[in-house]
Amino acid sequence: MPVIETNLKEVFIIEPKVFGDARGWFMETWSKAKFEAAGLHFDFVQDNQSFSAHKGTLRGLHYQLNPMAQAKLVRCTRGELLDVAVDIRKNSPQFGKWTSAILSAENKRQLLIPRGFAHGFITLTDNVEVQYKADNFYAPQCEGNIRWNDPQIGIDWKIEPTILADKDANAPFLKDRIERAELNFIFDEKI
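Residues numbered from 1 in each chain as written. Predicted model: local features only at pLDDT ≥ 70, side-chain atom pairs only at ≥ 80, totals over all residues. Heavy atoms only, no water.

Visitor: Help me understand the sheet that holds strand β2 (residues 12-14), please; the structure alone is not making it clear to me.
Guide: Within a sheet, adjacent strands bond to each other through the backbone by hydrogen bonds, running parallel or antiparallel. Read from one edge to the other, the open sheet built from six strands follows the order β1-β2-β10-β7-β12-β5, with strand pairing classed as antiparallel. Two strands in the sheet have a free side with no partner beyond their single neighbour: β1 (3-5) and β5 (46-52). Taken over all neighbouring pairs, the strand axes of this sheet differ in orientation by 25° on average, direction set aside. Relative to strand β10 (residues 110-113), strand β7 (residues 72-78) is paired through four bridges, and the arrangement is antiparallel. Pairing of Arg75 across the sheet is with Gln110, part of β10. (Pairing = 2+ DSSP bridges. Helix = DSSP H or I, 4+ residues; strand = E, 2+ residues; numbered from the N terminus. Axes fitted to C-alpha atoms, helices over the stretch in contact; angles between N-to-C directions.)

Below is the structure:
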């Protein structure tokens, strides 16, 4: 299971080994033992799936605050998307920096996003299915978001969004979240 570093130290692209034959293919999408052998320690407790019918659908940038923060292992099982993670941990040398990966049903890559990062994606094709594991349960009282086009972050989404929820279109900017002391993620060098 190759683990590929991104420009953000704790965010990784995972490339599962795919075994194909005349019947089709098989792959392990998650193995606690293999992840731990690679130094990645996560206890996933919830699986989520979403479907977006149209190219240009943008979801994000979402996060859950402590104590219900979530790490995610994201994969695309139909179509193609650009998946994005943004470091929003106080005192992090990467604070406000972002990384992205193209995930598709064809390339079978996954993006591993730890706690303390905002997450979002934009669909690059019609009919996109996304599945992701989370290491904490959904808690609406702890959810938050940051504006997808925040100039302080400067994400290159590759295409202009055509469909966006009102809560994402009108989300606060990162500087607003900081000014209101709404982010409770702290960078820990020891991790």
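Visitor: Could you clarify how one ought to interpret the packing of aromatic side chains in this entry?
Guide: A ring pair, where both rings are aromatic, is described by two values, the distance of the centres and the angle of the planes. For the structure shown, the criterion picks out four aromatic pairs. An angle of 10° between the planes, with centres 5.7 Å apart, marks the rings of Phe42 and Phe44 as stacked. A relative accessible area of 13% means that Phe42 is categorised as buried. Taking the relative accessible area as the measure of exposure, Phe44 reaches 17% and is therefore buried. (Phe/Tyr/Trp six-rings, centres within 6.5 Å; stacked < 30°, edge-to-face > 60°. Buried < 20%, exposed > 50% of the residue type's maximum accessible area, 1.4 Å probe, protein only.)

Visitor: Is there a simple way to think about the pattern of salt bridges in this case?
Guide: Any two side chains of opposite charge can pair if their charged atoms end up close together. Enumeration according to the criterion identifies 14 salt bridges in this entry. Where Glu28 meets Lys34, a salt bridge forms, and the shortest distance between an N and an O atom there is 2.9 Å. Here Asp135 makes a salt bridge to Arg115, at a shortest N to O gap of 3.1 Å. Residue Asp135 is found in the loop between β12 (128-134) and β13 (143-145), and its partner Arg115 is found in the loop between β10 and β11 (117-123); the two are separated by 20 residues along the sequence. Here Asp135 falls in the buried class, since its relative accessible area comes to 13%. Taken together, the shared-partner salt bridges connect Glu10, Asp87 and Arg89 into one network. (Salt bridge = Lys/Arg side-chain N within 4 Å of Asp/Glu carboxyl O.)

Visitor: Can you help me understand the nonpolar core in this one?
Guide: Among soluble globular proteins, nonpolar side chains are generally buried collectively. Of all hydrophobic cores here, the largest spans 22 residues; its most connected members are Leu61, Tyr63, Val86, Ile88, Ile146 and Trp157. Once residues lying within four places of it in the same chain are set aside, the contact partners of Tyr63 are Ile88, Phe117, Ala118, Cys142, Glu143, Gly144, Asn145, Ile146, Arg177, Leu183 and Phe185. (Core = buried A, V, L, I, M, F, W, Y, C linked by side-chain atoms within 4.5 Å. Contact = heavy atoms within 4.5 Å.)

Visitor: What am I meant to see in the environment of Asp83 here?
Guide: Structurally, the position occupied by Asp83 is in strand β8 (residues 80-87). The buried category is assigned to Asp83, whose relative accessible area is 0%. As a C-alpha pair, Asp83 and Lys158 span 75 residues in sequence and 11 Å in three-dimensional space. Setting aside residues no more than four positions away along its own chain, Asp83 makes contact with Val74, Thr99, Ser100, Ala101, Leu103, Leu111, Ile113, His119, Gly120 and Phe121. Of note is the side chain of Asp83, whose polar atom sits 2.7 Å from the side chain of His119. (Polar contact = N/O pair within 3.5 Å; in protein donor to acceptor, adjacent residues only side chain to side chain.)

Visitor: I keep staring at the pairing of strand β4 (residues 24-27) and nothing clicks. Help me out?
Guide: Both faces of the sheet carry side chains from a regular strand, because those side chains alternate between them. Where strand β3 (residues 18-21) lies against β4, four bridges are found, and the strand directions are antiparallel. By the bridge assignment for β4, Asp21 is matched with Gly24. The hairpin turn running from β3 into β4, its antiparallel successor, is two residues long.

Visitor: Quick question: what am I supposed to make of unusual backbone geometry here?
Guide: Residues apart from glycine generally show negative phi values, whereas peptide bonds are mostly found in trans. Following Gly60, the chain continues to Leu61 via a peptide bond in cis, the omega torsion being 5°. Here Leu61 is to be found in strand β6 (residues 57-64). A cis geometry characterises the amide bond from Asn66 onward to Pro67, with omega recorded as 10°. Mapped onto the elements, Pro67 comes out in the loop between β6 and β7. Residues other than glycine seldom take positive phi values, yet Asn127 does so here, at roughly 55°. By the secondary structure assignment, Asn127 is in the loop between β11 and β12.

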